[in-house]
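# Coordinate inspection notes
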Amino acid sequence: MKEKHAPTDPQRRGFLDAAAAGVTAAVVAPGVILHSVTAAPRSEAVTSDVRWGLLIDTSKCADGCSACVDACDKENGLDLQTPPPGAAEARWDAQKAVWIRKVKVQDNQTGRVTNLPLMCQHCEHPPCVDVCPTGASFKRADGIVMVDRHICIGCRYCMMACPYKARSFVHEVMENQLTRVPRGKGCVESCNLCVHRRDHGEESTACVDACTAAGHEAIVFGDLKDPRSAIRTRLAEMSSRQIREDLALNTGVRYSGI
Amino acid sequence: MAKAAVRAGLVAVGLAWVLAAQVVLAADAKTYVVEGSKAASLESCVEPTDLMRRRHMELIKHQRDETVHGGIRSSKHSLAGCVDCHIRRVTDQTPAPIHQKSEFCGACHAFTAVNLNCFDCHAAVPKGPGADLAAQAAHQAVGNRPSVQVGPEGEGH
């Protein structure tokens with residue numbers, strides 16, 4: 001039987017906090033750049049000082065390569081989905097939740113074929129947010145468009161409103177979810193730019209890492225508001241477009257070579 | 001006279017018995033904290049115990065909005081933190097889901113007739129890389145330096 005104890009003295013806790021703060025300050029003061037392996041988790045709410053985005057160079061995106069899709073599946077537990085008993089494979093492939101689709105487009109007049117990964121485009125003016133009846137679909141201050149699944153009722157208006165077919169509905173009961181990526185039947189979800197990585201101060205996304213590891217370097221991730229970021233430098237160098245720019249959604253994901 | 005004395009005696013015995021029973025009850029006051037959990041070897045929860053018993057749902061739900069909308073991951077009230085500290089750990093075995101009737105959250109919720117759907121989506125056992133990261137803040141809040149526990153699937157980051 002476990003003994004009962006008095007709760008920790010709040011004053012003692014206050015002292016510990018102060019001591020911890022002192023240590024941090026002491027380390028930072030001499031101008032040493034802190035690049036710890038696991039950056040401290042975010043303790044203040046995100047702001048619009050940054051806007052996360054991706055730049056995809058379609059000329060480097062290889063035909064038949066699915067490194068980004070596979071990495072995304074693993075990072076976000078999408079590979080843990082199981083088909084309902086007796087489901088035909090093709091049907092399940094069309095139904096299960098995916099965050100990135102590899103798309104191949106062909107110009108019928110010239111025959112030119114382009115490959116590209118298509119995911120949530122993280123619009124500045126997201127139609128999915130406009131149509132959501134509960135406020136579940138929202139844009140985080142740092143530009144990430146996502147679904148608060150505690151509020152999502154699974155109506156799927158957002159899926160119909162999205163011009164990029166970027167959202168998925170979870171049709172089946174889930175088991176064995178990852179701690180960092182909760183997921184369950186009855187809600188809509190889509191790419192959230194590896195939000196857990198953002199909040200732990202990591203530098204890239206799973207798809208970017210995988211594409212680089214596969215030797216293609218077709219995807220760059222970064223802050224669209226920082227003029228010195230890698231993504232802004234590349235955007236300034238090469239011509240790029242938004243998919244369906246006629247809709248004036250100001251997407252956070254840009255493509256070059258299309 | 002004699003009768004009255006006997007009655008008084010009986011009442012006294014009865015009172016003593018009731019008091020003794022109370023003392024025994026207090027001594028093995030029921031706790032839902034399970035053997036083999038990190039919590040079992042710690043002194044206090046992330047907030048005083050009486051507060052946790054009564055208000056844990058408010059703390060978690062407040063945290064939920066802060067995390068999902070504000071991206072705040074440094075809080076001691078994270079759901080991942082509750083699971084990490086309160087899960088029953090058995091060597092070489094996958095722990096039982098924390099919402100099962102025999103486990104920490106499940107046992108008390110069964111007793112109090114509370115039904116949750118949180119674990120339809122949330123991992124009811126710590127799972128995957130980064131699971132310990134999510135619980136770090138909670139451990140620090142109680143002054144517990146987490147020993148990095150690498151489970152069968154927690155192949156680090």
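Bear in mind that the values here come from a model prediction, so they are computed numbers and not experimental data.

Check the secondary structure of chain A and you find eight helices and nine strands. A burial count over chain A gives 41% of its 258 residues as buried. At a minimum sequence separation of 6, the contacts of chain A that also span at least 24 residues come to 61%. Of the accessible surface of chain A, which amounts to about 13,800 Å², a share of 54% is contributed by carbon and sulfur atoms.

Before going further, it helps to examine the interface of chain B and chain A. Opposite the 38 residues of chain B that make contact, chain A presents 34 residues. Taken over both partners, the interface formed by chain B and chain A buries close to 3,200 Å², and the fraction arising from carbon and sulfur atoms is 55%. Counting every contact that joins chain B to chain A gives one salt bridge. Linking Arg73(B) and Asp199(A) is a salt bridge whose minimum nitrogen-to-oxygen distance equals 2.8 Å. One can count 11 residue pairs in polar contact (both at pLDDT 80 or more) joining chain B with chain A. Looking at the side of chain B that touches chain A element by element, the count peaks at six residues for helix H2 (residues 49-70) of chain B. Taken together, the residues that form the side of chain B that touches chain A break down as 20 nonpolar, nine polar and nine charged.

So, on to unusual backbone geometry. The bulk of non-glycine residues show a negative phi, and the bulk of peptide bonds are trans. All names here are of chain A. At Lys165, a position not held by glycine, the phi torsion is positive, near 55°. Inspection of the secondary structure puts Lys165 in the loop between helix H5 (157-161) and strand E6 (168-169). Positive phi, close to 50°, is recorded for Glu217, a residue that is not glycine. Along the chain, Glu217 turns up in the loop between helix H7 (206-213) and strand E8 (219-223). On the basis of relative accessibility, which here comes to 45%, the residue Glu217 falls in the partly exposed class.

When two helices pack together, their arrangement is given by the angle between their axes and by how far apart the axes lie. Residue and element names in this part refer to chain B. Following both chains from N to C, one finds helix H3 (residues 79-86) and helix H6 (residues 131-141) inclined at 75°, their axes separated by 8 Å at the closest point. Classed by the angle they form, the pair H3 and H6 counts as roughly perpendicular. Note on element contacts: H6 touches H3 through Ala134, Ala135, Ala138 and His139, opposite Ala80, Gly81, Asp84 and Cys85.

Attention shifts here to H2(B). The α-helix advances 3.6 residues per turn, and as a result positions three or four apart in sequence lie on the same side. Taking 1.5 Å per residue, 22 residues should reach 32 Å; H2(B) reaches only 27 Å between its end C-alpha atoms and comes up short. Remark: the principal bend of H2(B), roughly 80°, maps to Arg55(B). For H2(B), the complete set of buried residues consists of Met52(B), Leu59(B), Gln63(B), Thr67(B), Val68(B) and Gly70(B). Buried residues belonging to H2(B) abut strand E4 (137-139) and strand E5 (145-147) of chain A.

The next thing to look at is the confidence of the model for chain B. All names here are of chain B. Averaged over chain B, the pLDDT score is 81; the fraction of residues at 70 or greater is 73%. Helix H5 (residues 118-121) holds the highest mean pLDDT among the elements of chain B, 97, whereas helix H1 (residues 2-27) holds the lowest, 51. Low pLDDT, under 50, characterises residues 18-27; the stretch is placed with zero contacts to residues that sit more than four places away or in other chains. Segment residues 147-157 is flagged for pLDDT under 50; beyond a separation of four residues in sequence, or across chains, it makes 14 contacts in the model. Reported confidences for the modelled complex are a pTM of 0.85 and an ipTM of 0.81.

Residues and elements named next belong to chain A. With respect to burial, strand E1 (residues 52-57) is a largely interior element, six of its six residues being buried. Alternating residues of E1 divide into Trp52, Leu54 and Ile56 and Gly53, Leu55 and Asp57, and every residue in both groups is buried. Here five bridges tie E1 to E8, and the two strands are oriented antiparallel to one another. Paired with Leu55 across the strands is Val220, a residue of E8. Two strands pair when backbone bridges link them, and E1 and strand E9 (residues 253-256) are joined in this way by four bridges, in the parallel orientation. Following the sheet pairing, Ile56 is matched in E9 by Tyr255.

This part covers the packing of aromatic side chains. Residues and elements named next belong to chain A. On inspection of all chains with the given rule, the structure shows one aromatic pair over all chains. Above the ring of Phe169, the side-chain terminus of Arg156 is found at 3.7 Å from the ring centroid. For the cation-ring pair, Arg198 lies above Trp52, with the distance from its terminal atom to the ring centre recorded as 5.6 Å.

Another aspect to go through is the pairing of strand E2 (residues 101-106) of chain A. Residue and element names in this part refer to chain A. Two elements, E2 and strand E3 (residues 113-118), share six bridges in a ladder whose sense is antiparallel. Following the sheet pairing, Arg101 is matched in E3 by Leu118. Linking E2 to E3, which pair antiparallel, is a turn of six residues; within it Gly111 sits at a positive phi near 80°.

Residues and elements named next belong to chain B. Burial runs high along H6: eight of the 11 residues are buried. Among all positions of H6, only Ala131, Leu133, Ala134, Ala135, Ala137, Ala138, His139 and Ala141 are buried. Just past H6, the residue Gly143 takes up positive phi, approximately 75°.

Cut-offs and rules
For every chain, the first residue of its written sequence is number 1, and the numbers climb from 1 along that sequence. As they are written, the chains are lettered A onward and the ligands numbered 1 onward, keeping that order. Selection of residues for local features in this predicted model requires a pLDDT of at least 70, selection of side-chain atom pairs for listing and counting requires 80 or more, and totals for whole chains, interfaces and linings are taken over all residues. Remark: hydrogens and water are excluded; side-chain values derive from all non-hydrogen atoms of the structure. By the criteria applied, helices consist of DSSP H or I runs no shorter than four residues and strands consist of E runs no shorter than two, each listed in order from the N terminus. Think of it in three bands: residues with accessible area under 20% of the maximum for their type are buried, residues over 50% are exposed, and the middle band is partly exposed, with areas taken using a 1.4 Å probe on protein chains only. Here, residues are in contact when the closest pair of their heavy atoms is within 4.5 Å. The Shrake-Rupley method, run with a 1.4 Å probe, gives the accessible areas here. Residue values count only the displayed protein chains as cover. The quantity reported as buried area is the accessible area (1.4 Å probe) lost by two parts once they are put together, taken as the sum for both. Salt bridge, as applied in this entry: a Lys or Arg side-chain nitrogen positioned within 4 Å of an Asp or Glu carboxyl oxygen. Whenever two N or O atoms come within 3.5 Å, that pair is a polar contact, provided that in protein one can donate a hydrogen and the other can accept it, and provided that, for residues adjacent in sequence, both atoms are side-chain atoms. Each residue is assigned to one class: nonpolar for Ala, Val, Leu, Ile, Met, Phe, Trp, Tyr, Cys and Pro, charged for Asp, Glu, Lys and Arg, and polar for all the others, Gly among them. Axis definition: a line fitted to C-alpha atoms, over the contacting stretch in the case of helices. Angles run 0 to 180 degrees between N-to-C directions. For classification, angles of less than 35 degrees are called roughly parallel, those exceeding 145 degrees roughly antiparallel, those between 65 and 115 degrees roughly perpendicular, and all remaining angles oblique. A helix is expected to span 1.5 Å for every residue after the first. Bend is computed residue by residue as the angle between axes fitted to the seven residues ending at the residue and the seven residues starting at it. A residue's pLDDT is the confidence the predictor assigns to it, expressed on a 0 to 100 scale. Any two strands between which DSSP finds at least two bridges are classified as paired. Aromatic contacts are taken between Phe, Tyr and Trp rings whose centres are within 6.5 Å, Trp giving its six-membered ring; a plane angle under 30 degrees counts as stacked, one over 60 as edge-to-face, and the others as tilted. Charge-over-ring contacts are defined here by two conditions on Lys NZ or Arg CZ: a distance within 6 Å of the ring centre and an angle within 35 degrees of the ring normal.

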